[in-house]
Amino acid sequence: MNLCRRPAVGSECQKQQSMPRQPVKSEKAWQSCQENFDTKMFSTTQPQQKDIEVVSPPNDGISDLSFSPVADYLAASSWDNFVGFFNFPNHSLIFRRLVFGRSSPQEQLSQKLKSNMAGRLSAVLGPRFKSDGTKVFAGGADKTGRVLDISTGQTATFASHDAPIKCARWVDGVNNMQNIIATGINFETRLFKKYWDLRSPNPAFVLNLPERCYTMDVVFPLMVVGTAEKHILVYHLQNPTVVFKNVASPLKHQTRVLSCFPSASGFAVGSIEGRVGIQNVEDKDSHLNFSFKCHRDDKNVYAVNAISFHPGYSTFSTAGADGTFNFWDKDSKQRLKSFNNIGQPISATAFSRNGQIFAYAGSYDWSK
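Throughout what follows, the structure given in this document is the object of discussion. (Residues numbered from 1 in each chain as written. Predicted model: local features only at pLDDT ≥ 70, side-chain atom pairs only at ≥ 80, totals over all residues. Heavy atoms only, no water.)

## Let's talk about the nonpolar core
If you look at the biggest cluster of nonpolar residues, it comprises 16 residues, and the most contacted ones within it are Val171, Tyr195, Met223, Val225, Tyr235 and Leu237. Of all the elements in the fold, those that place two or more residues in this core are strand 12 (165-171), strand 13 (180-185), strand 16 (213-219), strand 17 (222-227) and strand 18 (231-236). Residue contributions to this core peak at 3 residues, all from strand 16. Residues in contact with Val171, not counting those within four places in the same chain, are Met177, Asn179, Ile180, Ala182, Val218, Phe220 and Leu237. (Core = buried A, V, L, I, M, F, W, Y, C linked by side-chain atoms within 4.5 Å. Buried < 20%, exposed > 50% of the residue type's maximum accessible area, 1.4 Å probe, protein only. Helix = DSSP H or I, 4+ residues; strand = E, 2+ residues; numbered from the N terminus. Contact = heavy atoms within 4.5 Å.)

## Structural notes on the packing of aromatic side chains
A full pass over the atoms with the stated rule returns 20 aromatic pairs. Seen from their ring centres, Phe85 and Phe129 are 6.3 Å apart, and the 80° between their planes marks the pair as edge-to-face. In this pair, Phe85 sits in strand 6 (residues 82-87) while Phe129 sits in strand 8 (residues 124-129), placing the two residues 44 residues apart along the sequence. Of the two residues examined, Phe85 and Phe129, each falls in the buried class. Seen from their ring centres, Phe309 and Phe316 are 5.2 Å apart, and the 40° between their planes marks the pair as tilted. Overall, Phe309 belongs to the buried group, its relative accessible area being 10%. (Phe/Tyr/Trp six-rings, centres within 6.5 Å; stacked < 30°, edge-to-face > 60°.)

## Here's the deal with the sheet that holds strand 12
Within the open sheet, the 4 strands sit side by side as 12-13-14-15. Their pairing is antiparallel. What marks the edges here is a single partner per strand, and that holds for strand 12 and strand 15 (203-208). Across the sheet, the axes of successive neighbouring strands diverge by a mean angle of 20°, strand direction being ignored. Relative to strand 14 (residues 192-197), strand 13 runs antiparallel, the two being bridged by 5 bridges. Within the sheet, the bridge partner assigned to Ile180 lies in strand 14 and is Asp197. (Pairing = 2+ DSSP bridges. Axes fitted to C-alpha atoms, helices over the stretch in contact; angles between N-to-C directions.)

## Considerations on the pattern of salt bridges
For the structure shown, the criterion picks out 12 salt bridges. Residue Glu273 is joined to Arg275 by a salt bridge in which the shortest nitrogen-to-oxygen separation is 3.1 Å. The same class applies to Glu273 as to Arg275, namely buried. Ionic contacts of the salt-bridge type, sharing partners, join the residues Glu273, Arg275 and Arg296 into one network. (Salt bridge = Lys/Arg side-chain N within 4 Å of Asp/Glu carboxyl O.)

## Description of the state of the cysteines
The tally for this structure, following the rule as stated, stands at 0 disulfides. Free cysteine: Cys167, not disulfide-bonded; nearest cysteine sulfur from Cys213 at 3.9 Å. Look at Cys213 and you get buried, because its relative accessible area is 0%. (Disulfide = S-S within 2.5 Å.)

## Re unusual backbone geometry
The omega torsion of the bond from Phe220 to Pro221 falls at 10°, within 30 degrees of zero and hence cis. With respect to the secondary-structure elements, Pro221 resides in the loop between strand 16 and strand 17. Backbone geometry at Lys230 places phi at a positive 65°, although glycine is not the residue there. Within the element layout of this structure, Lys230 appears in the loop between strand 17 and strand 18. Residue classification places Lys230 among the partly exposed positions, given a relative accessible area of 27%. Of note in this structure, Lys333 is not a glycine but carries a positive phi near 55°. If you trace the backbone, Lys333 turns up in the loop between strand 26 (325-329) and strand 27 (334-338).

## Let's talk about the sheet that holds strand 16
A sheet is described by the order of its strands in space; here 4 strands give the open sequence 16-17-18-19, paired in antiparallel fashion. Edge positions in the sheet fall to strand 16 and strand 19 (243-248), since each has one partner strand and no second. The mean angle between the axes of side-by-side strands here comes to 15°, regardless of whether they run parallel or antiparallel. Pairing of strand 16 with strand 17, which is carried by 6 bridges, proceeds in the antiparallel orientation. Looking across to strand 17, one finds that Val218 is bridged to Met223.

## Let's talk about the pairing of strand 22 (residues 275-280)
For strand 22, the buried fraction is high: 6 of the 6 residues fall into the buried class. When strand 21 (residues 266-271) meets strand 22, the two strands line up antiparallel, connected through 5 bridges. Bridged to Gly270 within strand 22 is Val276. Linking strand 21 back to strand 22 in an antiparallel pair, the connection comprises 3 residues, with Gly274 at a positive phi of about 65°. Relative to strand 23 (residues 290-293), strand 22 runs antiparallel, the two being bridged by 4 bridges. Paired with Gly277 across the bridge in strand 23 is Ser291.

## Quick word on the environment of Asp329
The topology assignment puts Asp329 in strand 26. Among the polar contacts listed, one links the side chain of Asp329 to the side chain of Ser314, at a separation of 3.3 Å. Within the structure, the side chain of Asp329 is placed 2.9 Å from the backbone nitrogen of Asp331, a separation counted as a polar contact. (Polar contact = N/O pair within 3.5 Å; in protein donor to acceptor, adjacent residues only side chain to side chain.)

Structure representation (structure tokens):
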């Protein structure tokens, strides 16, 4: 699992002669380095410092990363049933919690013989903080959703599906969309998603999907869901049960990841073929849509595993199965900075609440 620390990366850097940055990267954990970008070439003008590796990273594949919205705490979920919590600037593990119970030795042996997600009965997928930072919730391959109270360390079940929960997102909404968590599943015969109210054991809404849910993101009032067969469903959460738009992905191959703009006016979509599409929700802004190639070399094309937007600028990161990550400016349509291969796939990324810390996980990503 790797970490990058840097001040905001955005179009603002073109208004100054130079802007100090503090990135981070590493092969197995967290890193930090310090550099300046030239406004024209975006070249490194200071030597890169050694990366910082977090203490006690997860023991198995890392499925996702999420920063607290109120403090510099990072949640990292993994396939060993645990969520680990790290604090900064100490880069140290605060505590780990067993979110999903371990299976029997016979089941664990069976899991090792299976390559699909359903075989990993207790993997933790997609942790997200509540908006006040007091709780973390996640979906699981055991078909349940769990919520963890940070102060007490106690866990409770908030959702139950009849298939593994691939995605879970906190909906920080208004009126009937307060205290709501949206979940989606990835299973051939279970094509729906649910909204869960934390105050009730039953789903608030159940929606049918055209295909299996691969990825999902929410920036209220926008929710975007990516499914198999390249469907992208756009919802306005003031009307959460009605699809605002059902569009085909602008990319040629299978959708891997979606990430909403911080402004909730559009989203970025990444695919397994090393491409990213920038899409605006409103038709009047469609002239701003574009796609570009990334995470490729002379011989191979790699999946785009993660896209994260900086909270304060029009910039975003992409990370892929090729073991590299890049920073891009959406509005000027250019790459700001690329980083060297870390020697393994990057499975997840996240910006901190103020954009001064960028974290990424170097981990097996199931792309092979």
